[in-house]
Amino acid sequence: MYYNKRKMAVSIFWVVAGAVLFALGCMDKIDPAWSGCGGGLLGVGLVQIVRNLKYNNNEEYKEKIDIEASDERNRYLRLKAWSWAGYIYVLGSAVLSLVCLAMGFEELSRMLGLSMCAVLALFWGSYMVLRNKY
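About the cut-offs
Residues numbered from 1 in each chain as written. Predicted model: local features only at pLDDT ≥ 70, side-chain atom pairs only at ≥ 80, totals over all residues. Heavy atoms only, no water. Helix = DSSP H or I, 4+ residues; strand = E, 2+ residues; numbered from the N terminus. Buried < 20%, exposed > 50% of the residue type's maximum accessible area, 1.4 Å probe, protein only. Contact = heavy atoms within 4.5 Å. Phe/Tyr/Trp six-rings, centres within 6.5 Å; stacked < 30°, edge-to-face > 60°. Lys NZ or Arg CZ within 6 Å of the ring centre and 35° of its normal. Expected span 1.5 Å × (residues − 1). Polar contact = N/O pair within 3.5 Å; in protein donor to acceptor, adjacent residues only side chain to side chain. Axes fitted to C-alpha atoms, helices over the stretch in contact; angles between N-to-C directions. Parallel < 35°, antiparallel > 145°, perpendicular 65-115°, else oblique. Nonpolar A, V, L, I, M, F, W, Y, C, P; charged D, E, K, R; others polar.

Caption draft 1: Focus on the environment of Val16. Within the secondary structure, Val16 sits in helix H1 (residues 5-26). Note on Val16: relative accessible area 47%, which makes it partly exposed. C-alpha of Val16 to C-alpha of Gly45: the two residues are 29 residues apart in sequence and 8.5 Å apart in space.

Put into structure tokens, the structure is as follows:
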């Protein structure tokens, strides 16, 4: 079973948290920028609740989601997509870091370089763990 009561409870939490942030931001009790974040949480929570209810009430949808979640081909495609995203991010960060450095944006260049290094460090660490595990 892909969806469960815990996921429904988390979705309800996001709706409540989003509504509170949105209301407090609109009343100027907190920084109004938080009302946008609250609206986003509210929207995501509502979409997830609708998906949970549809999953519980529609057998065809339930079967489709269960197959999609457990299908080996979909797992492979998700892993492949993450690896492509990582390559694109690291290479893009490296190129943009050099471009920003050449244009005189040293701070932005440094941030791009550091984020690229952080991703590579995460990759190396996870590789070492997985190498020992498998």
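Caption draft 2: Region of the structure containing the side chain of Ser11. With respect to the helices and strands, Ser11 occurs in helix H1. Here Ser11 is in contact with Gly45, Gln48, Ile49 and Asn52, once residues within four sequence places are set aside.

Caption draft 3: Region of the structure containing the packing of aromatic side chains. Counted by the stated rule, this structure contains 2 aromatic pairs. Judged by centre distance (6.3 Å) and plane angle (25°), the rings of Phe123 and Tyr127 are stacked. Of this pair, Phe123 and Tyr127 both sit in helix H5 (residues 106-133), 4 residues apart, which is roughly one turn of that helix. By relative accessible area, which is 56% here, Phe123 ends up exposed. According to the relative accessible area criterion, Tyr127 is partly exposed, its value standing at 44%. Positioned over the ring face of Tyr61 is Lys54, at 4.4 Å from the centre of the ring.

Caption draft 4: A look at helix H3 (residues 59-70). Compared with an ideal rise of 1.5 Å per residue, which puts 12 residues at 16 Å, H3 spans 16 Å between its outermost C-alpha atoms and is within 8% of the ideal. Two or three places before Glu60, at the start of H3, stands the capping residue Asn58, its side-chain oxygen 3.1 Å from that residue's backbone nitrogen.

Caption draft 5: Spotlight on unusual backbone geometry. Phi is positive for Asp28, which is not a glycine, with a value near 60°. Along the polypeptide, Asp28 turns up in the loop between H1 and helix H2 (33-57). Classification of Asp28 as exposed rests on a relative accessible area of 59%.

Caption draft 6: Up close: the side chain of Asn74. With respect to the helices and strands, Asn74 occurs in helix H4 (residues 72-103). Every residue in contact with Asn74, bar those within four places of it in the chain, is listed here: Ile67 and Glu68.

Caption draft 7: Representation of the packing of H3 against H4 in the model. Packing of H3 against H4 brings their axes to within 5 Å, and their N-to-C directions diverge by 55°. When the axes of H3 and H4 are compared, the pair comes out oblique. Residues Ile67, Glu68, Ala69 and Ser70 of H3 pack against Glu72, Asn74, Arg75 and Arg78 of H4. In terms of residue class, the contact of H3 with H4 is built from 2 nonpolar, 2 polar and 4 charged.

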